[in-house]
Amino acid sequence: MANHALSTVNHAPQVVAEWVNLICEDLEWDDQGRAYMLLRETLHAVRDYLSVDEAADLSAQLPVLIRGIYFDGWIPSRTPAHPRSKEDFLGRISAPFTETPLDDAERAASAVFDVLRRKISEGEFGQVANAMRKPLRDLWL
């Protein structure tokens, strides 16, 4: 068991790099830092749009370091966030991109959702999508 746990921790940076590279490929970006920021902001927005229980359920599907990124700075008593419109969600993930704004926030969010679709179970992906309001759910599917 200890060897498996250590292997998981040792492999964690490679997993993050894989997720970031998938985002770069999907968006045709060459800036991994930008892709990491998009991953982080989108994960935080998703987490904050879910109930505490659903956010915890999703976290159980995430690799260890991605889970750490997901929970970084989380204040459970502030979830789910309000308002929770699609525009608020996209504005939230776009906000940190001040020097080079996102060209298409919907496409950017969809790229992260596509990575989640590939990396978590179909059942959990569906539960998270169904927990979102309809306009935002449409980006997931």
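Here the structure is a predicted model, which means the values were calculated and not measured.

Thoughts on helix α5 (residues 86-94)
- Within the sequence span of α5, burial applies to K86, F89, L90 and I93. Buried residues along α5 cover an arc of 90 degrees about the axis, so they all sit on one side.
- The elements touched by buried residues of α5 are α2 (32-49), α6 (105-119) and α8 (134-140).

Overview of the packing of helix α3 (residues 52-59) against helix α4 (residues 64-71)
- Contact pair α3 / α4: the axes reach a minimum separation of 10 Å and the direction vectors enclose 155 degrees. One way to sum up the angle between α3 and α4 is to call them roughly antiparallel. For the pair α3 and α4, contact is made by A55, L58 and S59 and by R67, Y70 and F71, respectively.
- Considered class by class, the residues forming the contact of α3 with α4 number 4 nonpolar, 1 polar and 1 charged.

Comments concerning the confidence of the model for the protein chain
- Taken over all residues, the pLDDT of the protein chain has a mean of 90, while the share at 70 or more is 91%.
- Confidence, read as mean pLDDT per element, is least for helix α1 (residues 2-27) in the protein chain (78) and greatest for α2 (97).

Quick notes on the environment of I75
- The residue I75 is located in the loop between α4 and α5 in this model.
- A relative accessible area of 35% places I75 in the partly exposed class.
- Placed 11 residues apart in sequence, I75 and V64 show a C-alpha to C-alpha distance of 19 Å.

Concerning the nonpolar core
- One finds L38, V46, F89 and W140 to be the most contacted residues of the largest nonpolar core, which totals 45 residues.
- Those elements giving two or more residues to this core turn out to be α1, α2, α3, α4, α5, α6, α7 (122-131) and α8.
- Contact partners of F89, with chain neighbours within four places excluded, come to T42, A45, V46, Y49, A109, F113 and L136.

Focus: α7
- Residues of α7 that are buried include every one of E124, F125, V128 and A129, and no others. Within α7, the buried residues cover an arc of 135 degrees as seen down the axis, which keeps them to one side. Seen from the open side of α7, the exposed residues pointing more than 90 degrees away from its buried face are E122 and N130.
- Packed against the buried residues of α7 are α2, α3, α6 and α8.

Focus: the environment of S85
- Secondary-structure assignment places S85 in the loop between α4 and α5.
- The class for S85 is partly exposed, based on a relative accessible area of 26%.
- Between the alpha carbons of S85 and Y49 there is a distance of 9.5 Å; along the sequence they are 36 residues apart.

Focus: the side chain of S59
- Locating S59 in the fold gives a position in helix α3.
- Overall, S59 belongs to the buried group, its relative accessible area being 7%.
- Discounting chain neighbours no more than four positions away, the residues touching S59 are R67, Y70 and F71.

About the cut-offs
- Residues numbered from 1 in each chain as written.
- Predicted model: local features only at pLDDT ≥ 70, side-chain atom pairs only at ≥ 80, totals over all residues.
- Heavy atoms only, no water.
- Buried < 20%, exposed > 50% of the residue type's maximum accessible area, 1.4 Å probe, protein only.
- Helix = DSSP H or I, 4+ residues; strand = E, 2+ residues; numbered from the N terminus.
- Arc of directions from axis to C-beta.
- Contact = heavy atoms within 4.5 Å.
- Axes fitted to C-alpha atoms, helices over the stretch in contact; angles between N-to-C directions.
- Parallel < 35°, antiparallel > 145°, perpendicular 65-115°, else oblique.
- Nonpolar A, V, L, I, M, F, W, Y, C, P; charged D, E, K, R; others polar.
- pLDDT = per-residue confidence, 0-100.
- Core = buried A, V, L, I, M, F, W, Y, C linked by side-chain atoms within 4.5 Å.

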